[in-house]
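A structural walkthrough
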Amino acid sequence: MNPLLQYFNTPPFSKIREENYKPAIKEAIEIAKKEINDIINNTEAPSFENTTVALDNTGEKLDKITSIFFNLNSAETNEEIQEIAKEISPWLSEFKNDMVLNEALFKRVKAVYNQITNLNLTPEQEMLLEKQYKGFARNGANLDNDEKVELRKIDAALSKLSLQFGEHILAETNSFEMLLTNEGDVSGLPESAKEAAKMMATQRNKEGWLITLDYPSYIPFMTYADNRELRKKLAIAMGKKGFQKNEYNNEKIVLDIVNLRHKRSNLLGYKTHANFVLEERMAESPENVLTFLNELLEKAKPAAIREFNNLENYAKKLDSIEKLEKWDGSYYSEKLKKELFNLDQELLKPYFKLENVIEGVFAIAGKLFDLKFEEIDTIDKYHEDVKTYTVSDSKDNFISHFYADFHPRPGKRNGAWMTSYKSQQIKNEINERPQVSIVCNFTKPTDTKPSLLTFNEVTTLFHEFGHALHGMLANTTYNSLSGTSVSWDFVELPSQVLENWCYEKEALELFAKHYETGETIPMEYVEKIKESASFHEGMQTLRQLSFGLLDMQWHGTNPTNIKNVKDFEVAAFSDTQLYPDVSENCMSTAFAHIFQGGYSAGYYSYKWAEVLDADAFEYFKEEGIFNKKIADKFKDNVLSKGGTEKPMDLYKRFRGKKPNSDALLKRAGLIS
């Protein structure tokens, strides 16, 4: 029996075999097609219940199976899973197209949509109907038959290309290793990083210290290693992923993706891919995004240039470095930061034992939102590293299942993300609760030390947990509007706002305790963390803006005449460039956010959400960071509401006014 086709509540990971996926997905597609045919063949006149709600309920089995498959393809993949992904992606793309290009189905959806003003719907019902109608229109339902065929071809090609893009990056990441056998070559590295590198070498049956492109290995080396040539070697290896003359080259894939996206948007009546994407975002148009990015650029650039010149002078004074290169930035920044604030990341790490940080984020969620977390071993997991929890409220109502997967592995992609195995919804009068997961890549415990996080990793954990809260606290009727199903430039608000608690004395006292002595983090460290939070904020802001502007260049213009990825990128970076260009490197060929993830024409949303988060946290600070009244307003108007209303309406209901960028600029030290 195929475990994926049996009834299950939480995913039956231990029973699933690779050979189960394809037959299960095939079968689930057939079930979903039958559900759609039942809607079409209904002899009653189209109504909100028999068409809109019925359609929202289709494909549940398919969603459950594919969420398991694609989550594992990111967190625990292998060659077989990657091959299956290549095979099934076109099936899913074709099924989606079959649905949105189904004239009889669209006719019913349109018939209900045309009555929207007379149906006396709630705001959530209205949003569902509007979203559904636009889902068809924006995916070609109004096209003629030839155009529909063309659209299908484009979508199938795009789904294949973005998979290939990601596989190439993973292969390049996994294929590089730098084995160091001379102890002098690891000079400067903290003991914990040396120990991790030694352990990595031992695991691969090698002698010495092994450095890889996985972040827990890469970042400490770039930040602390004294050997400039080795930093250069590592930085160039990281920067040339997808840009080497080998089978993993992504240059053609990048050009193919942007051209197909442009062609698709033209077909649907939009000027560019960015016009198409932004119509459904808070920002609304490419013009608004560019205005937003350029206004921030104007304020951040003078500070960034000043900071860069100071850093270059500092490197010159310290080590006679004539020209600051990309592989020098983290190294000298860390030294300067230590000198200015006497703050050493290594001094902080003992206070951030992973288990304590997890308890801390749980305690904060408890104080703000009445949540309790209990670790359990009664549900299946896909890897022994994964931790599983039940989440309940103070009245013992079940809220969610929560999965957390914290350490790097060969089958896991870099970075950190939140995902879900099941969305919340209210169906047949039962509030079905969600299954939420976060996946990170934090330093592993070694033989002598537990997993001790850098402060940056602490904020990453809080960030992903903020997304998780958005999923867990969802309380909507329809699953397609639930949790993080919100416009892309609103989705980062819950994650980014939660990071603010990492800087607050009241919050840190709950969990930042020395793993050996139990001593609470000294308050002078907390003050230094806060003071240093805006250190090099001009340069950091410029970096984020450069990515947002590059994304808008790729997707907000006609790409048909772009011949060379690198040349195009250099031109796009001209206004934001601080470091000399490295000819062997290219950002675009490894820019997974926009060519593999869902951030195309959306990278600006990180900064957009920072404006929202700084403004929102200002409100908490005015009333107290654990103020229940404000936390309840945030929960009731943001976290629980998902995509049931326009994000700006939800935000204004929480805050009482529109967001203002001053709070962000002040926090970043860019205005006084």
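Notes on the structure in this doc start here. These numbers come from a predicted model, not from an experiment.

What follows concerns the overall build of the protein. Looking only at helices and strands, one finds 27 helices and nine strands in the protein. Taking 26 Å as the expected radius of gyration for a compact globule of 672 residues, we find that the protein reaches 25 Å, a close match to that expectation. Across its three principal axes, the protein shows a C-alpha extent of roughly 80 × 60 × 55 Å. Counting all 672 residues of the protein, 57% fall into the buried class. By sequence separation, contacts in the protein at least 24 residues apart represent 73% of the contacts at least 6 residues apart. Accessible surface computed for the protein: about 28,800 Å², of which carbon and sulfur atoms make up 47%.

Our next topic: the sheet that holds strand E6 (residues 417-422). In space, the five strands of this open sheet follow the order E3-E4-E5-E9-E6, with mixed pairing throughout. Of all the strands in the sheet, the pair left with one neighbour each is strand E3 (371-375) and E6. In this sheet, neighbouring strand axes are inclined to one another by 25 degrees on average, regardless of whether the strands run parallel or antiparallel. In this sheet, strand E9 (residues 435-439) lies alongside strand E5 (residues 398-405) in parallel orientation, the contact comprising five bridges. Each residue of the ladder has a partner; that of Ala404, found in E9, is Ile438. Packed on one face of the sheet, helix H16 (residues 354-369) meets E3, strand E4 (387-393) and E5 and runs near 150 degrees to E3. Taken strand by strand, helix H17 (residues 455-472) contacts E3, E4, E5, E6 and E9, and its axis lies near 170 degrees from that of E9.

Before going further, it helps to spend a moment on the side chain of Asn20. Residue placement: Asn20 occurs in helix H1 (residues 18-40). Asn20 has contacts with Asn2, Pro3, Leu4 and Lys15, leaving out every residue within four places of it along the chain.

What follows concerns the pairing of E9. Within E9, five of the five residues are buried, which leaves it mostly tucked inside the rest of the structure. Every second residue of E9 is oriented toward a common face, with Gln435, Ser437 and Val439 on one face and Val436 and Ile438 on the other, all of them buried. Bridge count between E6 and E9: five bridges; the pairing is antiparallel. Pairing of Lys422 across the sheet is with Gln435, part of E9.

For helix H6 (residues 123-137), which comprises 15 residues, the first-to-last C-alpha distance of 21 Å matches the rise-based estimate of 21 Å (1.5 Å per residue) to within 8%. When H6 is considered as a whole, its buried residues turn out to be Glu124, Gln125, Met127, Leu128, Leu129, Gln132, Tyr133 and Phe136. Of the surrounding secondary structure, the elements contacted by the buried residues of H6 are helix H2 (48-56), helix H4 (79-100) and helix H5 (103-113).

Attention now moves to the nonpolar core. Counting 154 residues, the largest nonpolar core has Phe352, Phe402, Phe465 and Trp501 as its most contacted members. Sort the elements by how many residues they give to this core and helix H13 (residues 286-319) lands first, with twelve residues. Not counting residues within four places of it along the chain, the set of residues in contact with Trp501 comprises Ile364, Leu368, Phe462, Ala507, Phe617, Phe620, Ile625 and Phe626. Ile154, Leu260, Trp554 and Phe568 belong to the second-largest nonpolar core, a separate cluster that totals 27 residues.

Right, let's talk about the side chain of Asn441 for a bit. Relative to the elements of secondary structure, Asn441 occurs in the loop between E9 and H17. Within the structure, the side chain of Asn441 is placed 3.0 Å from the backbone oxygen of Arg413, a separation counted as a polar contact. Once residues within four sequence positions are removed from consideration, Asn441 is found in contact with Pro216, Phe406, His407, Pro408, Arg409, Lys412, Arg413, Asn414, Gly415, Trp417 and Glu457.

Here the focus is the packing of helix H3 (residues 60-75) against H4. Between H3 and H4, the least distance of the axes is 11 Å, while the angle of their chain directions is 145 degrees. Judged by the sense of rotation from one axis to the other, the crossing of H3 with H4 is left-handed. Across from Leu62, Thr66, Phe69, Phe70 and Asn73 in H3, the residues of H4 making contact are Ile81, Gln82, Ile84, Ala85, Ile88, Ser89, Leu92 and Phe95. Each residue belonging to the contact of H3 with H4 can be placed in one class, and the counts come to nine nonpolar, four polar and no charged.

Two residues of an α-helix separated by three or four positions point the same way, owing to the 3.6 residues in each turn. The end-to-end C-alpha distance of H16, which contains 16 residues, comes to 22 Å, matching closely the 22 Å that a straight helix rising 1.5 Å per residue would cover. Listing the buried residues of H16 in full gives Leu354, Val357, Ile358, Gly360, Val361, Phe362, Ile364, Ala365, Gly366, Leu368 and Phe369. Positive backbone phi, at 60 degrees, marks Asp370, one or two positions downstream of H16.

Further remarks concern the environment of Ser162. Take Ser162: it is sitting in helix H7 (residues 145-175). The spatial distance from the C-alpha of Ser162 to the C-alpha of Ile253 is 8.1 Å, given a sequence separation of 91 residues. Each residue touching Ser162, except ones within four places of it in the same chain, is listed here: Ile257, Phe595 and Gln596.

Before going further, it helps to examine the pattern of salt bridges. Within this structure, the stated rule accounts for 37 salt bridges. Residue Arg264 pairs with Asp155 through a salt bridge whose shortest N-O separation is 2.7 Å. Residue Arg264 is found in helix H11 (residues 251-267), and its partner Asp155 is found in helix H7; the two are separated by 109 residues along the sequence. The two residues Arg264 and Asp155 agree in class, both being buried.

With that out of the way, let us pick up unusual backbone geometry. Within the chain, Asn120 stands out as a residue other than glycine whose phi angle is a positive 55 degrees. For Asn120, a relative accessible area of 74% puts it in the exposed group. At Asn428, a residue that is not glycine, the phi angle is positive and equals roughly 50 degrees. Following the sequence through the fold, Asn428 ends up in the loop between strand E7 (425-427) and strand E8 (430-432). Judged by relative accessible area, which is 70%, Asn428 ranks as exposed.

Analysis parameters
Residues numbered from 1 in each chain as written. Predicted model: local features only at pLDDT ≥ 70, side-chain atom pairs only at ≥ 80, totals over all residues. Heavy atoms only, no water. Helix = DSSP H or I, 4+ residues; strand = E, 2+ residues; numbered from the N terminus. Rg over C-alpha atoms; globule rule 2.2 N^0.38 Å. Buried < 20%, exposed > 50% of the residue type's maximum accessible area, 1.4 Å probe, protein only. Contact = heavy atoms within 4.5 Å. Areas by Shrake-Rupley, 256 points an atom, 1.4 Å probe, with all protein chains shown as cover. Pairing = 2+ DSSP bridges. Axes fitted to C-alpha atoms, helices over the stretch in contact; angles between N-to-C directions. Expected span 1.5 Å × (residues − 1). Core = buried A, V, L, I, M, F, W, Y, C linked by side-chain atoms within 4.5 Å. Polar contact = N/O pair within 3.5 Å; in protein donor to acceptor, adjacent residues only side chain to side chain. Left-handed = near helix turned anticlockwise from the far one by under 90°. Nonpolar A, V, L, I, M, F, W, Y, C, P; charged D, E, K, R; others polar. Salt bridge = Lys/Arg side-chain N within 4 Å of Asp/Glu carboxyl O.

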